[in-house]
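This is what each chain is made of:
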Amino acid sequence: MKMDYITFINRIIQDNSIASPVQFLVSGKDLFVRNAVFFDIVKRCKKNNDTIIVIDDANFMRELDLNILTICGYKIRNGMSGDYCIYNPFKLDTMKEICRIRQLLTILEYDEKRKGKLLSYLSFICHMECIQNSIPNFDLTLEKIMKYCTVLAVEGHLQNLVNTDIIDEKQHMALLTKYSECCSAAADFEDCLLILMPFIRGKSIVFTTELPELIVFSTGEFGEDEVIRSLAMQLIQFGLEESNSRNLTLIVFDKGFGNRKCVFNLLKSLPQQINTHIFSDDIFTLCDSTSLATLFNRFTARVYSRHLAMESCQEIEKQCGEIDITKTSYNVTYDRRWKANCPWDILRGKNKTESYTQMAPVREPRYRKEMIMNFTPGNGIVQYMGYTSLFTIYR
């Protein structure tokens, strides 16, 4: 029996006291199904007063019915306009913050030696700012780092400290020597700053507001540039972790083809407390089957619509499992002897022997891959807490 997918999920929740929070994995080409699930997520977010963060790596926002957001009162904000600092990566106060900048440098293909030299360079700048401002701790910003972008600028700052009697000549020489040891990292890092700058300049982005907002990060605009897409997603993840709010919902749009390692890395490393949903044209092309099994554990509700690749349809067939099918065979044996074929016996059907045989149950796929490939618009399969059903969304 077909029903609406949300009715199916709600019935299971009502009958199960330990039902898990609903986090959707939606895979397939059906735009009608995608719109319907997206609308349901937005309504749930509105009810919980959640801010919605969208990482659009597939340019799906162009295809979605944005009237859904207007109906729910959500205002759209472009998180990658260049006006916001998604996350300040130059904090060096804790090992956690140092690990974060090391992760960013790994994306930029820094080896361990270059990482160490750059951290020394940033520590030097931080120490200089602490001396100038007479404070024990100082958070670096992009503007502060740019003050020390050349050797001439550093020498000028050091000489100013000497002239104002903040340091003496001995300290001046010590700091100058220290700078000479790590200054080679400055030139390399200046090139990287051009890539980082659009994401870390401007005022700090606020992920939670009193008014309902949907913040869009359109990483799909970067095409196949894996480095920039990975940097953007990593900074967004750090920003979400720093917000420390439970009133956040993350939605990831995946295009279903091409190099999407950054999408997989984001999903596998996101903290469990961040409510996450993913929409993909074909989730089965994201990574290998072993990694995909790990990823699937994050999403309690899975919705499959029509897929174009038979291999992916076969994977869905496996995901939905098998059922016992009992088949019956029918056999007729006719008696061709002359005595058994008199008109009276033929009329009464006594010239033959009929037999019905019930076979032993055999295991067959619950839903065949051929059926999945030929789903009509609005039809699909929903899985939740081990239960599976066909569904139809009525227009």
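So, how was this worked out
- Residues numbered from 1 in each chain as written.
- Predicted model: local features only at pLDDT ≥ 70, side-chain atom pairs only at ≥ 80, totals over all residues.
- Heavy atoms only, no water.
- Helix = DSSP H or I, 4+ residues; strand = E, 2+ residues; numbered from the N terminus.
- Rg over C-alpha atoms; globule rule 2.2 N^0.38 Å.
- Contact = heavy atoms within 4.5 Å.
- Lys, Arg positive; Asp, Glu negative; His and termini not counted.
- Charge placed at Lys NZ, Arg CZ, Asp CG, Glu CD.
- Buried < 20%, exposed > 50% of the residue type's maximum accessible area, 1.4 Å probe, protein only.
- Pairing = 2+ DSSP bridges.
- Expected span 1.5 Å × (residues − 1).
- Axes fitted to C-alpha atoms, helices over the stretch in contact; angles between N-to-C directions.

Moving on, we come to the overall build of the chain. For the chain, the count of helices and strands is 15 helices and 15 strands. Rg of the C-alpha trace for the chain: 31 Å, well past the compact-globule value of 21 Å for 395 residues, more than 25% over. Referenced to the eigenvectors of the C-alpha coordinate spread, the extents of the chain come out at roughly 130 × 45 × 35 Å. A sequence separation of at least 24 residues applies to 76% of the contacts in the chain between residues at least 6 apart. Counting 47 positive and 48 negative side-chain charges, the chain places the centres of these two groups 10 Å from one another.

When a strand is regular, its side chains alternate between the sheet's two faces. Burial analysis of strand β2 (residues 51–56) places 6 of its 6 residues in the buried class, which makes it a mostly covered element. Here β2 pairs with strand β7 (residues 248–254) via 6 bridges, running parallel. Of the residues in β7, the one forming a bridge with Ile52 is Thr249. Note: β2 against strand β6 (residues 213–217), 4 bridges, orientation parallel. In the sheet register, Val54 faces β6, and the bridge partner there is Val216.

Between its terminal C-alpha atoms helix α4 (residues 95–107) stretches 19 Å, which fits the 18 Å expected from 13 residues at 1.5 Å a residue. Packed against the buried residues of α4 are α5 (112–133) and α10 (226–243). The positive-phi residue at the C-terminal boundary of α4 is Glu109, with phi of around 65 degrees.

Taken in spatial order, the 9 strands of this open sheet run β3-β6-β2-β7-β8-β1-β9-β14-β15, and their pairing is mixed. The open sheet has two edge strands with one neighbour each: β3 (75–78) and β15 (387–392). The average angle at which neighbouring strand axes cross in this sheet is 20 degrees, direction not considered. Of the pairings in the sheet, the one linking strand β14 (residues 379–384) to β15 comprises 6 bridges and is antiparallel in character. Within the sheet, the bridge partner assigned to Tyr384 lies in β15 and is Tyr387.

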